[in-house]
Amino acid sequence: VIVADLTGAPARNLANLIWAMAKCEAYHPRLERAIVAAARGKFASGDFKPQELSNAAWALARLCSQQPGRGGKKGGEAEGAEPAADDALLLELAGALGKALHASVPQAIANGAWAFATLVGAGRLGGPSPEKASASLAGAGYAPSLLAATAAARAREFNAQELANTAWAVGKLAVASSVGVSGGGAASAYGALADAVLAAIESRPPSEFADQQLANALWGCARLALAARGAQAQDGATGGETRSERLRRVAAANCAPRLGRFRPVELCMAAWAYVTALTGVAYAGAIDQDADDDVQMSEGGLDLFAVELSNAARARAKEGALSGPHAAQLLWACARLGGGGGSPPAKDLCSSLRRGAKLLAPVDIANAWWALARLGAQPSPKTGKVLRKATRRLLRATTVGTSATNDSNSNNVEGGEGKVGLSAKHVATIAWATARLGAPAADRRLCEVLAAAASACASDFNARDLANAMSAFAALSNSGVDEQRPDLASILCEAALARLSQFNAQELLKFAGAHARTGGRDERLHAAMGAVRTLRFGFPALPSAPKTLLKSGDNLLKSGGDDEEEGGEGGGLQVRLQSRAPGRHLKHTGVAAWEASVTLGQWLSGLPSPQASSALRAVLKSKGSAEVFEKGGKGKPPVLDILKTGWAGVICVELGAGLGLPSIVAAHRGCALVVATDGDVPTLELLTANCAANSPPLPALLRAAELRWGVEDALSACGITVPPDLLLAADVVYGQEDAEPVWRALLDSMLQLTGARTLVLQAQVQRFGREAADGCEPRFRAMLADYFESAQVSPDELAATGDVARSNCTVHALRRKPLGAGVPRTVAGGDGAGGEEGGDERARKRPRQLARVM
């Protein structure tokens, strides 16, 4: 066959020959080159039928994965031989597959998708990162989003294996962009495929999906859901659930009973899919006592999936079946699930880590350190020694630009792949983890090498990495970095000053405090902390407003240092805010733009009406009515006015407004009157200026007002006589137990400012560690649960507008419960609930005392 002239061979013969080579795992480079040479040009000419095209693609992918030096493990004639099929031929093949897509049978669609996902994973077409590869495929006419749209439309024709392969492949290639689908609907196409695959898993008999197929399908759906964030499901496609909630439910119902028999790689894939679906959902349970009724729970209230995952991971570890990468990925998943699965199998997984340490990739090392720190689990002496040695080896190999991935919690479930050396993100993660674990996990040798790697990576750190690294090395006292600390502080400070505009308030405050604790002194950083900064935020979903000049305070608007760009200068509303960094000991916190206010503003900007949000629909149509609220009786569930009228005519108040970003967005969203309140005088100066500089077009009104939490008449302080229709609050709860009286005063003001028809939107940064376990946040959430019904806005909705992918915030919609059984009439501790009679003189004086505390 080799010596024969294959130039004129029929396309079918060429496809069959190369398919047979791959199927038999008989790699012969001369034969492959002869077949490829004969096929070149015939893909584009239309000589190949759809099935022949998919067979050729499948064969080329298999041959690439089988050959040494080309991503495979099996031998052949020529070690490290260059592949016969170059990228030009592969793109020709991709273009032919794209043209034949609608005429292809499901098997051909699935095989073609699997082939190119495998090729990209092996480094072809710009891989393994999907961004370049997806752009190349889209240019050839074979965009992943086009594949997703076609497969979603014909999902009922696919069998289980074809669905699993297609979901896995498109999920691996998926990039949230508008390339490939008319109208810019790439995210919608990815979401539609995820919905179709989840519907098939639910509707078909469980036995139809083998364990591997189920794991592949769920992993692919999780990847597709991430790429589709912000794209709403089609009406009726998810039965009112968000895509994340549905993925979580399907994974729990279909995987939990089978996890015990999953192979390690399948266990990792299912765990990653479930954790991805769970992100941001578990936080709701602390406030919303009625949430998650449809999630399968064990008798102890534990998440069944988490319980079964812990049991399966422990069993596989004791069997010795887990590789080092698998152990790291499962340890990360168990840490992400927290206490939902009972006691995590950290000890058993650490034993597998120790045995497979030589195979650990950079992302596995970072995942292992992060998980141990999150669980607060010190590794055993033997495991710690091996993990530190593997980490030092990678840290020494770390140089600028060696990053294999910049995601310390990546979805890599293969393990052992990636370049030598840790990325800047990995170094920052390990520094944070070692500081949190302390000795003996963080010994002197590791800290010395870690400090050197941080110095080398300083220019690659983003703002959050810099803040975490600086804070970590400030905490690592007496650990071998004392002599390096001044130089390291100087290097990190230079890197921070170079990207000062990228820092938000939390990150800048964290960095500056840690820099001072290391003994660092830099007047430029001190000046930046005290300077007025102009922040710019873009809201493309809102119409642009004519620029309004301040009648006073022009110098304030013109002063300041570096601008902080948020959202760019594109079309839509452009908001300018004046800010400062908070003072030491968190004085005047409102003068900075905190993350939760940005998240709340971004989400509101893309919400044309409350009807557009499933969380708002749920809470606005919940039990209670004006009659029930006032009299404590029983009545029919009402629909609040705001749900009928939308934002038009709404009266809105924001508590602890700070710089006023959510208030400004609400005013431009259509609210008739917005009152942005704060109780701090320096903050009020900036708030008043920002409201004037970003005032909405008439007849809407936006103004600032002084309101100290706990005052007797909060309505009068806001300049209104009835409770508003909308109450906003962003990151108003933080601190430790000594701040609890302040939050009781906040609750008192919330009760005064809410009536039966008031919708409350509260945005909050999710905090970890002591603040999450012992601080005021869980206590405040418990207090809210006594008075308010709650529903959480899904991560999918939050991602619909703005870049909240890195945000660690949640948004809850709340509504007053009707007075009656189980609902207190006053704030616990004797504070009077606003608008209600009763309470002694001491209770009436207490809010004044709390106001003086503020």
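Residues numbered from 1 in each chain as written. Predicted model: local features only at pLDDT ≥ 70, side-chain atom pairs only at ≥ 80, totals over all residues. Heavy atoms only, no water.

Looking only at helices and strands, one finds 37 helices and 12 strands in the chain. Residues counted as buried form 57% of the 854 residues belonging to the chain. A separation of at least 24 residues holds for 78% of the contacts in the chain among residues at least 6 apart in sequence. Carbon and sulfur atoms make up 51% of the accessible area of the chain, which totals about 34,500 Å². (Helix = DSSP H or I, 4+ residues; strand = E, 2+ residues; numbered from the N terminus. Buried < 20%, exposed > 50% of the residue type's maximum accessible area, 1.4 Å probe, protein only. Contact = heavy atoms within 4.5 Å. Areas by Shrake-Rupley, 256 points an atom, 1.4 Å probe, with all protein chains shown as cover.)

Turning our attention to the packing of aromatic side chains. Within a pair of aromatic rings, the relevant descriptors are the distance that separates the centres and the angle that separates the planes. Following the criterion strictly, the structure yields seven aromatic pairs and no others. Between Trp219 and Trp272, the aromatic rings sit 6.0 Å apart at their centres with planes inclined by 40°, giving tilted as the arrangement. Of this pair, Trp219 sits in helix H11 (residues 211-227) while Trp272 sits in helix H13 (residues 264-278), placing them 53 residues apart in sequence. Judged by relative accessible area, which is 3%, Trp219 ranks as buried. When its relative accessible area of 6% is taken as the criterion, Trp272 is described as buried. Between Trp709 and Trp743, the ring centres sit 6.1 Å apart and the planes meet at 55°, which makes this aromatic pair tilted. On the criterion of sequence distance, the pair formed by Trp709 in the loop between strand S6 (701-706) and helix H32 (714-718) and Trp743 in helix H33 (residues 740-752) is long-range, its members being 34 residues apart. (Phe/Tyr/Trp six-rings, centres within 6.5 Å; stacked < 30°, edge-to-face > 60°.)

Bringing the pairing of strand S8 (residues 759-765) into the picture now. For S8, the tally of buried residues reaches seven of seven residues, placing the bulk of the element in the interior. The side-chain alternation of S8 yields two buried faces, one formed by Leu759, Leu761, Ala763 and Val765 and the other by Val760, Gln762 and Gln764. One ladder, built from six bridges, connects S8 with strand S10 (residues 809-816); its direction is antiparallel. Bridged to Ala763 within S10 is Val811. (Pairing = 2+ DSSP bridges.)

With respect to topology, seven strands assemble into an open sheet ordered S6-S5-S4-S7-S8-S10-S9, the strand pairing being mixed. Strands at the two margins of the open sheet, each flanked by one partner only, are S6 and strand S9 (788-792). Within this sheet the neighbouring strands show an average axis-to-axis angle of 20°, counted without direction. Seen against the sheet, helix H30 (residues 661-669) touches strand S4 (651-655), strand S5 (673-678), S6 and strand S7 (726-730) and runs at an angle of roughly 175° to S5. (Axes fitted to C-alpha atoms, helices over the stretch in contact; angles between N-to-C directions.)

Let us look at the packing of helix H19 (residues 424-437) against helix H21 (residues 463-475). At a minimum axis separation of 8 Å, H19 and H21 run at an interaxial angle of 35°. As for the relative orientation of H19 and H21, their crossing is left-handed in sense. For the pair H19 and H21, the contacting residues are Lys425, Ala428, Ala431, Trp432 and Ala435 in the first and Asp465, Ala472, Phe473 and Ala475 in the second. Here the residues of the contact of H19 with H21 are counted per class, giving seven nonpolar, no polar and two charged. (Left-handed = near helix turned anticlockwise from the far one by under 90°. Nonpolar A, V, L, I, M, F, W, Y, C, P; charged D, E, K, R; others polar.)

Among the residues of helix H7 (residues 130-140), Pro130, Ala133, Ser134, Leu137 and Ala138 are the ones counted as buried. End-on, the buried residues of H7 take up no more than an arc of 135°, which puts them together on one face. Opposite the buried face of H7, by more than 90 degrees, sit the exposed residues Lys132 and Gly139. Packing partners of the buried residues in H7 comprise helix H5 (87-99), helix H6 (106-121), helix H8 (144-153), helix H9 (160-173) and H11. Of the residues one or two after H7, Gly141 is the one with positive phi, at around 95°. (Arc of directions from axis to C-beta.)

A word on the environment of Glu131. Looking at where Glu131 falls in the secondary structure, it is placed in helix H7. Put simply, Glu131 and Ala174 are 43 residues apart on the chain and 8.3 Å apart in space, counted from C-alpha to C-alpha.

Turning next to the confidence of the model for the chain. Mean pLDDT over the chain stands at 77; residues scoring 70 or higher make up 74%. pLDDT under 50 marks residues 176-183. Its contacts with residues more than four places away, or in other chains, come to 17 contacts. In the model, residues 400-419 has pLDDT below 50 throughout and makes 58 contacts with residues more than four positions away in sequence or in other chains. (pLDDT = per-residue confidence, 0-100.)

Okay, the pattern of salt bridges next. Inspection of every chain in the model, using the stated rule, returns 20 salt bridges. Its salt-bridge partner being Lys425, residue Asp465 comes within 3.1 Å of it at the nearest N-O pair. Residue Asp465 is located in helix H21, and its partner Lys425 is located in helix H19; the two are separated by 40 residues in the primary sequence. One network of salt bridges, in which partners are shared, links Glu202, Arg246 and Arg249. (Salt bridge = Lys/Arg side-chain N within 4 Å of Asp/Glu carboxyl O.)

Examined bridge by bridge, S5 and S6 share six bridges and lie parallel to one another. By the bridge assignment for S6, Val674 is matched with Leu702. Once the chain exits S5 it traverses helix H31 (residues 681-693) before rejoining the sheet at S6, and the crossover so formed is right-handed. (Right-handed = clockwise from strand over helix to strand, strands pointing away.)

Okay, the packing of H9 against H11 next. Packing of H9 against H11 brings their axes to within 7 Å, and their N-to-C directions diverge by 35°. At the point where H9 passes H11, the crossing takes the left-handed sense. Residues Ala160, Gln161, Ala164, Ala167, Trp168, Val170, Gly171 and Lys172 of H9 pack against Gln213, Asn216, Ala217, Trp219, Gly220, Arg223 and Leu224 of H11. Taken together, the residues of the contact of H9 with H11 break down into eight nonpolar, five polar and two charged.

A few words on the side chain of Arg816. Structurally, the position occupied by Arg816 is in strand S10. Within the local environment of Arg816, its side chain forms a polar contact with the backbone oxygen of Leu751, the two atoms lying 3.2 Å apart. A polar contact of 3.2 Å, which involves the side chain of Arg816, links it to the side chain of Thr754. (Polar contact = N/O pair within 3.5 Å; in protein donor to acceptor, adjacent residues only side chain to side chain.)

Let us look at the nonpolar core. Counting residues in hydrophobic clusters, the biggest one holds 186 residues, and the most contacted among them are Phe116, Leu218, Leu309, Phe461 and Phe511. With 11 residues, the single largest contributor to this core is H13. (Core = buried A, V, L, I, M, F, W, Y, C linked by side-chain atoms within 4.5 Å.)

The next thing to look at is unusual backbone geometry. Cis peptide bonds are those with omega within 30 degrees of zero, and the linkage from Ala439 to Pro440 qualifies with 5°. Tracing the chain through its elements places Pro440 in the loop between H19 and helix H20 (444-457). Cis rather than trans, the peptide bond between Leu698 and Pro699 has omega equal to 10°. One non-glycine residue with positive phi stands out, namely Glu25, at about 55°. Here Glu25 is to be found in the loop between helix H1 (11-23) and helix H2 (29-39). On the basis of relative accessible area, Glu25 is assigned to the partly exposed category, the value being 38%.

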